[in-house]
Amino acid sequence: MKGIIFLGCLLAVVVSGKYTEKYDNFNYKEVLENEKLFQSYEKCLLDQGPCTAEGKELRAHIKEALENGCEECTEKQKEGIDYCIRYLIENKPEQWKSLCDKFDPTGKYKKQYEEEAQKRGIKIP
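Residues numbered from 1 in each chain as written. Predicted model: local features only at pLDDT ≥ 70, side-chain atom pairs only at ≥ 80, totals over all residues. Heavy atoms only, no water.

Topic: the environment of C84
Turning to step 1, where the next piece is worked out: Among the structural elements, C84 can be located in helix 4 (residues 75–91).
Turning to step 2, where the next piece is worked out: C84 sits in the buried class, given a relative accessible area of 1%. (Helix = DSSP H or I, 4+ residues; strand = E, 2+ residues; numbered from the N terminus. Buried < 20%, exposed > 50% of the residue type's maximum accessible area, 1.4 Å probe, protein only.)

What follows is the structure, encoded as structure tokens:
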């Protein structure tokens, strides 16, 4: 999927120029649905708190993943990205906005990926 990446990048960590399968089985649903875990990752991504090893990897590679449209993502990672984007937009719109403000302040990626998101049934606010 060439969708907006943000928390979905938990699934796509860059190693030697390719996205690794290392996090294909990362339980992103648990992070999204557990408020304490989610807040920890959100603070990490927004440079407002400490990071886990996974959070550091994610934060370090979000920009690249946005720029290349997650070209190197596995199918499992793409499914996770789709789920994460939907979940954030539908259940955590304020946090979605904060992440967008941080990683897409000009709206460049929103505009770039909006059509693809619509094809997948995601309405990006």
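Regarding the pattern of salt bridges
Turning to step 1, where the next piece is worked out: Enumeration according to the criterion identifies 8 salt bridges in this entry.
Turning to step 2, where the next piece is worked out: For D47, the salt bridge is made with R59, and the minimal N-O distance between the two is 3.2 Å. In this pair, D47 is assigned in the loop between helix 2 (35–45) and helix 3 (53–68) and R59 in helix 3, connecting sequence segments 12 residues apart.
Turning to step 3, where the next piece is worked out: The closest approach of N and O atoms between K97 and D101, which form a salt bridge, is 2.9 Å. Of this pair, K97 and D101 are both found in helix 5 (residues 93–103), 4 residues apart, which corresponds to roughly one turn of the helix. (Salt bridge = Lys/Arg side-chain N within 4 Å of Asp/Glu carboxyl O.)

A short note on helix 3
Turning to step 1, where the next piece is worked out: Here helix 3 is 16 residues long and its end C-alpha atoms lie 23 Å apart, about the 22 Å a rise of 1.5 Å per residue gives.
Turning to step 2, where the next piece is worked out: A maximum bend of about 50° is found in helix 3 at H61.
Turning to step 3, where the next piece is worked out: When we look at burial in helix 3, the residues that qualify are G55, L58, H61, I62, A65, L66 and N68.
Turning to step 4, where the next piece is worked out: Once helix 3 ends, the next one or two residues include G69, with phi positive near 65°. (Expected span 1.5 Å × (residues − 1). Bend = angle between axes of the 7 residues up to and from the residue.)

Notes on the packing of aromatic side chains
Turning to step 1, where the next piece is worked out: Under the counting rule described, the total for this entry stands at 3 aromatic pairs.
Turning to step 2, where the next piece is worked out: Note on Y109 and Y113: the rings are 6.4 Å apart at their centroids and 15° apart in plane angle, and the pair reads as stacked. Placement of both Y109 and Y113 in helix 6 (residues 108–119) is noted, with a separation of 4 residues, approximately one turn of the helix. Of the two residues examined, Y109 and Y113, each falls in the buried class.
Turning to step 3, where the next piece is worked out: Grouped by ring-pair contacts, the aromatic residues Y28, Y83 and Y87 constitute a single cluster.
Turning to step 4, where the next piece is worked out: K92 extends its terminal NZ or CZ atom over the ring of F38, reaching a point 4.6 Å from the ring centre.
Turning to step 5, where the next piece is worked out: The ring of F103 carries the charged tip of K102 above its face, separated from the ring centre by 5.9 Å. (Phe/Tyr/Trp six-rings, centres within 6.5 Å; stacked < 30°, edge-to-face > 60°. Lys NZ or Arg CZ within 6 Å of the ring centre and 35° of its normal.)

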